[in-house]
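Residues per chain, in single letters:
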Amino acid sequence: MATIPSRYLLNHIGGEWRAPESGQTRPNINPADLSDHIGDFAESGGADVELAVEAAAAAMPAWKGLGPIKRAEHLRAAERLIEERAEDFAQAITREQGKLIKEARGEVRRALAILDFTAGEGRRLKGETLPAEEPRTFSYTFRAPIGVVGLVTPWNFPLAIPMWKVAPALLAGCGAVLKPSPFTPLTSALLVEAFVDAGVPAGVLNLVQGDIAAGEALVTHPRVAGISFTGSLPVGLAIHQAGAPRLLRTQLELGGKNAVLVLADADLDKAVKATVFGAFGQSGQRCSATSRVIVDRAVKEEFLSRLVAEVARLKVGPGLSEEATIGPVVNETRMRACLDAVKAAQEAGAKVAVGGERHTEGVPDGCYVQPTVLRDVPWDSEIAQEEIFGPVLSVVDCDGFDDAMRISNSVKYGMSGTIFTQDPATIFEALDRFEAGMLHVNRPGVGAYAHLPHMGAKLSQFGPPECSPQVWDFYTEWRSACISY
């Protein structure tokens, strides 16, 4: 495989590519082929975070002074560069994360849509004029950046999720420190370089690679005003608790245990195709992935028959393979977690309808899990309640709409909810009763548009949504002003 430029192995702090203060590195391995060593990336700690935060704080006043319209011009320039380099980004995403190249290209398009939307907000970052109680007085409100922000991002969308944090942070006028997942450092290096080449001043956007030590230092740094985090519930809770004593502003997008409800009057072909896409697209490694399908017993067997046949046609292989329709999971730890979850589900009474094993036939030595459907899953079993984050789908039986809604809402998460039915009254009642943030009807239950709020309910979300005008409630704070004249 191609050797990457050595600068991408480093941090980017204060406008310079620099090695970690500790001198430590971490290997980055292609999950589709464990013999492909991408490179040894910086393993940063508190000293690197200190340098990055100080650089962001020093650069922020001049960046804030530009105003949102001028800052948006830099975002537009970055958008043009990323579009020109789109294939470089897609190849990097597939190589270090494992997703199919068509999925990686789709992620690049998603990131560009987010950047395009955010840049447009530069002319809409508004306040209000309000009546005054006294004569000859003008009163109004406006937004101000909250300060230096830490952006802690996961590996499953190594471009899109950093983008939906970096873009609004910069447009708001904040200084930013990006700490991506240690499993996908290359894509973040490419992203930061694009913004640097677009003219974003030195120190405004800093990149600190690494794992827990860097993350903890960022969360506890007294000059960091806010942390935007996407990842697991336990880590999100730890971030919130660590920041609580100093009232750290947090934006937390956490886990999901998302359900598709298939009622007796559903279009089964459409429901099967949407379920397969939601459950096995990107190998199930999405916060909004379909993890449960709750099916009315009246159509259960027919739905299962069509579902299993569709899943059996999926072709496991490397992301760059022309034939592959599902790639590996991100690493060996995630592979083992998926297989262990399947085994535990069988012990709890579920049956494997298809898949259930590690896939080794016709692929390199990699982290491949067969796309798996479990049937007869008890609604309150562990696999029906806890996030798996892999290509494992649980089929749960229900008796009608009310029972389906009860089961759907029985989990602690609330990222997305989906229903398949032809009845208009049931559709609107379901939208009213779902305890989830992103809702879908008769379509795949994953994601949202770049200008819609990306958010969950319950333990899936804390703080303002992302990817929408509501995001400014995280990166900015309100000011009110009264002027006597």
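The shown structure was predicted, so the numbers you read here are calculated from the model rather than taken from an experiment.

J.: Which residues make up the side chain of Arg71, and what are the values?
T.: Residue placement: Arg71 occurs in helix α2 (residues 68-84). Glu73 is the oppositely charged side chain nearest to the buried, salt-bridge-free Arg71, at an N-O distance of 11 Å. Polar side-chain contacts of Arg71 include one of 3.3 Å to the backbone oxygen of Trp63. At 3.4 Å, the side chain of Arg71 forms a polar contact with the backbone oxygen of Ala172. Leave out the neighbours within four places in its chain, and Arg71 touches Trp63, Lys64, Leu66, Leu170, Leu171, Ala172 and Gly173.

J.: Talk me through the sheet that holds strand β6 (residues 137-145); I want residue IDs and the actual numbers.
T.: Strand order across the open sheet formed by 3 strands is β5-β6-β22, with antiparallel pairing between neighbours. One side of each edge strand has no neighbouring strand; the edge strands of this open sheet are β5 (129-130) and β22 (476-484). As paired elements, β5 and β6 share 2 bridges and run antiparallel to each other. Bridge pairing links Thr129 to Tyr140 in β6.

J.: Go over the environment of Glu50 with me, naming the residues and quoting the values.
T.: By the element assignment, Glu50 lies in helix α1 (residues 46-66). The exposure class of Glu50 is partly exposed, given its relative accessible area of 37%. Sequence separation between Glu50 and Arg223 is 173 residues, and the spatial gap between their C-alpha atoms is 9.5 Å. Engagement of the side chain of Glu50 in a polar contact is seen with the side chain of His221, the distance being 2.9 Å.

J.: A description of a nonpolar patch on the surface should follow, citing residues and the corresponding values.
T.: Taken together, the side chains of Phe138, Ile483 and Tyr485 present a nonpolar region at the surface, about 320 Å² in accessible area. With respect to the helices and strands, Ile483 occurs in strand β22.

J.: Outline helix α11 (residues 332-347), supporting the account with residue identities and numerical values.
T.: In a regular helix each residue adds 1.5 Å, so 16 residues correspond to 22 Å; α11 covers 23 Å between its end C-alpha atoms and thus fits that length. Taken together, the buried positions of α11 are occupied by Arg334, Met335, Cys338, Leu339, Ala341, Val342 and Ala345. Projected down its long axis, α11 shows its buried positions confined to an angular sector of 150°, all on one face. Exposed and facing more than 90 degrees away from the buried side of α11 are Thr333, Lys343 and Glu347. Of the residues that open α11, the one with a side-chain oxygen 3.3 Å from the backbone nitrogen of Thr333 is Asn331.

J.: Hey, could you go over the nonpolar core for me, with residue numbers and the actual values?
T.: Within soluble globular proteins, side chains that are nonpolar generally end up buried alongside one another. Val149, Met163, Leu170, Phe195 and Tyr475 are the most contacted members of the largest nonpolar core, which has 61 residues in total. Sorting elements by how many residues they give to this core places helix α5 (residues 160-172) first, with 10 residues. Every residue in contact with Val149, bar those within four places of it in the chain, is listed here: Ala169, Cys174, Gly175, Ala176, Val177, Val224, Gly226, Phe474 and Tyr475. Val342, Ile383, Ile407 and Ala430 belong to the second largest nonpolar core, which has 29 residues in total.

J.: Account for the packing of α2 against helix α6 (residues 185-197), with residues named and values stated.
T.: Between α2 and α6, the least distance of the axes is 8 Å, while the angle of their chain directions is 125°. When the axes of α2 and α6 are compared, the pair comes out oblique. Both α2 and α6 take part in a crossing whose hand is right-handed. Contacts from Leu75, Ala78, Leu81 and Ile82 of α2 reach α6 at Leu191, Ala194, Phe195 and Asp197. Across the contact of α2 with α6, the residue classes break down as 7 nonpolar, no polar and 1 charged.

J.: Describe in detail the sheet that holds strand β15 (residues 372-375), supporting the description with residues and values.
T.: Ordered by their spatial adjacency, 7 strands build an open sheet running β14-β15-β16-β13-β12-β18-β19, and the pairing between neighbours is mixed. Two strands close off the open sheet at either side, each with one partner strand: β14 (351-354) and β19 (438-441). Neighbouring strand axes in the sheet, compared pairwise and without regard to direction, differ in orientation by 25° on average. Note that strand β12 (residues 258-262) and strand β13 (residues 290-296) share 5 bridges and pair parallel. Paired with Ala259 across the bridge in β13 is Arg292. Seen against the sheet, helix α10 (residues 300-312) touches β12, β13, β14, β15 and β16 (392-398) and runs at an angle of roughly 160° to β15.

J.: Tell me about the pairing of strand β10 (residues 224-230), and please be specific about residues and values.
T.: Remark: a regular strand shows side chains that alternate across the two faces of the sheet. In terms of residue burial, β10 counts as a mostly covered element, since 6 of its 7 residues are buried. Bridge analysis of strand β7 (residues 148-152) against β10 gives 5 bridges, and the strand direction is parallel. Opposite Gly150, over in β10, you have Ile227 as the bridge partner. Sheet topology note: the β10/strand β11 (residues 249-253) ladder contains 5 bridges and is parallel. When the sheet's bridge partners are listed, Ile227 is paired in β11 with Thr250. This β-α-β element, β10 to helix α8 (residues 233-243) to β11, shows right-handed connectivity.

J.: Lay out the pairing of β13 in plain terms, naming residues and giving numbers.
T.: Judged by how many residues are buried, β13 sits mostly within the fold: 7 of 7 residues are covered. Crossover handedness for the path β12 to helix α9 (residues 268-280) to β13: right-handed. The sheet contact formed by β13 and β16 spans 5 bridges and is parallel. The partner of Arg292 across the bridge, within β16, is Ser394.

J.: Lay out the pattern of salt bridges with the relevant residues and their values.
T.: Going through the model one piece at a time under the given rule, you end up with 34 salt bridges. Of the charged contacts, one joins Arg105 and Glu87 as a salt bridge, the two residues approaching to 2.8 Å between their closest N and O atoms. Pair noted here: Arg105 is in helix α4 (residues 101-120) and Glu87 is in helix α3 (residues 86-97), with a separation of 18 residues, a long-range link. With a relative accessible area of 36%, Arg105 lands in the partly exposed category. When salt bridges with common partners are traced through the structure, they connect Arg297, Lys300, Glu301, Lys351, Arg375, Asp376, Asp397 and Asp399 into a single cluster.

Quick notes on the rules
- Residues numbered from 1 in each chain as written.
- Predicted model: local features only at pLDDT ≥ 70, side-chain atom pairs only at ≥ 80, totals over all residues.
- Heavy atoms only, no water.
- Helix = DSSP H or I, 4+ residues; strand = E, 2+ residues; numbered from the N terminus.
- Buried < 20%, exposed > 50% of the residue type's maximum accessible area, 1.4 Å probe, protein only.
- Lys, Arg positive; Asp, Glu negative; His and termini not counted.
- Salt bridge = Lys/Arg side-chain N within 4 Å of Asp/Glu carboxyl O.
- Polar contact = N/O pair within 3.5 Å; in protein donor to acceptor, adjacent residues only side chain to side chain.
- Contact = heavy atoms within 4.5 Å.
- Pairing = 2+ DSSP bridges.
- Patch = residues over 30% accessible without salt bridge, like charges linked within 9 Å, V, L, I, M, F, W, Y side chains within 5 Å.
- Areas by Shrake-Rupley, 256 points an atom, 1.4 Å probe, with all protein chains shown as cover.
- Expected span 1.5 Å × (residues − 1).
- Arc of directions from axis to C-beta.
- Core = buried A, V, L, I, M, F, W, Y, C linked by side-chain atoms within 4.5 Å.
- Axes fitted to C-alpha atoms, helices over the stretch in contact; angles between N-to-C directions.
- Parallel < 35°, antiparallel > 145°, perpendicular 65-115°, else oblique.
- Left-handed = near helix turned anticlockwise from the far one by under 90°.
- Nonpolar A, V, L, I, M, F, W, Y, C, P; charged D, E, K, R; others polar.
- Right-handed = clockwise from strand over helix to strand, strands pointing away.

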